[in-house]
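# Architecture and fold: a report
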Amino acid sequence: ECPGTGSAQAGRAAACQGCLNQGLCAAGAAGPDPAEAAELRARLRTVRHTVLVLSGKGGVGKSTFSALLAHGLAADETKQVALLDIDICGPSIPKMMGLEGEQVHQSGSGWSPVYVEENLGVMSVGFLLSSPDDAVIWRGPKKNGLIKQFLRDVDWGEVDYLIVDTPPGTSDEHLSIVQYLSATHIDGAVIVTTPQEVSLQDVRKEINFCRKVKLPIIGVVENMSGFVCPKCKNESQIFPPTTGGAEKMCQNLSVSLLGKVPLDPQIGKSCDRGQSFLAEAPESPATLSYRNIIQRIQEYCEQHHLQEEKIM
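Bear in mind that the values here come from a model prediction, so they are computed numbers and not experimental data.

The rules behind these values
Residues numbered from 1 in each chain as written. Predicted model: local features only at pLDDT ≥ 70, side-chain atom pairs only at ≥ 80, totals over all residues. Heavy atoms only, no water. Phe/Tyr/Trp six-rings, centres within 6.5 Å; stacked < 30°, edge-to-face > 60°. Helix = DSSP H or I, 4+ residues; strand = E, 2+ residues; numbered from the N terminus. Buried < 20%, exposed > 50% of the residue type's maximum accessible area, 1.4 Å probe, protein only. Patch = residues over 30% accessible without salt bridge, like charges linked within 9 Å, V, L, I, M, F, W, Y side chains within 5 Å. Areas by Shrake-Rupley, 256 points an atom, 1.4 Å probe, with all protein chains shown as cover. Salt bridge = Lys/Arg side-chain N within 4 Å of Asp/Glu carboxyl O. Lys, Arg positive; Asp, Glu negative; His and termini not counted. Charge placed at Lys NZ, Arg CZ, Asp CG, Glu CD. Contact = heavy atoms within 4.5 Å. UniProt positions renumbered as here; feature names shortened; annotations may be inferred. Pairing = 2+ DSSP bridges.

## Description of the packing of aromatic side chains
Going through the model one piece at a time under the given rule, you end up with two aromatic pairs. Measuring from centroid to centroid gives 5.8 Å for Phe65 and Tyr290, while their planes differ by 25°, and the two rings are stacked. Of the two residues, Phe65 sits in helix H3 (residues 62–74) while Tyr290 sits in helix H11 (residues 285–311), which places them 225 residues apart along the sequence. Overall, Phe65 belongs to the buried group, its relative accessible area being 1%. Residue class for Tyr290 comes out buried when judged on its relative accessible area of 1%.

In structure tokens, the structure reads:
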């Protein structure tokens with residue numbers, strides 16, 4: 001198993017053989033150097049809460065959750081929300097937020113986010129592509145450089161919540177974002193899964209990754225958790241939880257289950273149109289579940305903030 005980036009065995013243990021980040025960890029360069037750390041602290045000092053959204057496997061609805069979490073938080077007009085898409089090879093956030101075709105603008109203070117609403121800004125590599133169909137074929141170092149640039153050069157302004165949508169798995173992008181944000185602070189990670197064992201298998205790896213790099217886990221969201229027919233109201237298990245689903249896994253691993261979101265065909269339609277499902281279907285069982293989950297994340301972040309203030 002990975003010894004962790006802060007371990008004396010980082011990059012040297014048997015488990016490190018074949019890891020793309022082995023050289024980086026072995027050289028002791030797993031985190032930003034002091035000058036980089038100072039730059040990141042200066043840029044992100046106005047960000048109050050940072051939440052990473054992770055998934056072990058693709059296709060579980062992680063980007064959808066990130067987009068709706070941002071929409072849900074921004075529903076409070078007193079809160080300033082930012083959504084950062086670091087899924088470099090599969091940037092779907094611009095489409096989901098109704099911002100496809102938008103471009104990044106440079107100002108005297110850095111890159112300006114693209115705004116959905118006055119209190120909801122977005123940044124993604126998708127804004128840097130000439131076409132949504134362009135393939136991003138980059139090696140790790142170039143991806144890591146862009147992630148650092150997003151954190152260091154984007155003028156986020158005063159932000160209450162910075163939501164970071166990550167690619168599936170535990171790869172370069174995940175290690176980089178955790179290392180760069182270690183210069184500032186991270187409230188924690190929300191891990192998205194579906195009920196079936198093939199998804200939970202990878203989520204267990206994600207939880208192990210978080211613990212190795214000392215990334216707090218806010219909790220797990222079980223997405224696509226059943227389907228209630230809008231006509232007959234019968235509930236079907238599209239992805240049967242053969243091993244007990246996320247609830248059983250969370251009990252075994254001592255992780256919080258934030259909630260279960262049922263399937264709703266309207267979610268996909270809203271995302272394709274770049275609209276907020278929460279606003280378009282306010283009475284949907286999925287919307288009610290999302291609102292409960294968002295409230296729990298807010299409560300966690302506020303409690304985490306109070307704990308940090310006591311330590312300081």
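## Structural notes on a negative patch on the surface
A contiguous patch of negative charge, built from Asp76, Glu77, Glu117 and Glu118, is present on the exposed surface. By the element assignment, Glu117 lies in strand E5 (residues 114–117).

## Examining the side chain of Thr50
For Thr50, the position within the fold is in strand E1 (residues 47–55). Beyond its immediate sequence surroundings of up to four residues, Thr50 is in contact with Leu162, Val164, Leu181, His185, Ile186, Asp187 and Gly188.

## Describing the UniProt feature "domain: AAA+ ATPase" (unreviewed entry) in the protein
Under the present numbering, the feature "domain: AAA+ ATPase" (unreviewed entry) in UniProt falls on residues 48–219. Taken end to end, residues 48–219 is 33% helix and 26% strand, and its two terminal C-alpha atoms sit 19 Å from one another.

## A short note on the pairing of strand E9 (residues 217–228)
Two faces, one strand: in a regular strand the side chains alternate between the faces of the sheet. Counting buried positions over the 12 residues of E9 gives 10, a clear majority of the element. Pairing of strand E8 (residues 188–193) with E9 involves five bridges; the strand directions are parallel. In the sheet register, Val190 faces E9, and the bridge partner there is Gly219. Here E9 pairs with strand E11 (residues 257–263) via five bridges, running parallel. Looking at E11, one finds that Phe227 is bridged to Leu263. Where E9 folds back onto strand E10 (residues 235–236) in an antiparallel hairpin, the turn is made up of six residues, including Lys233, whose phi is positive at roughly 70°.

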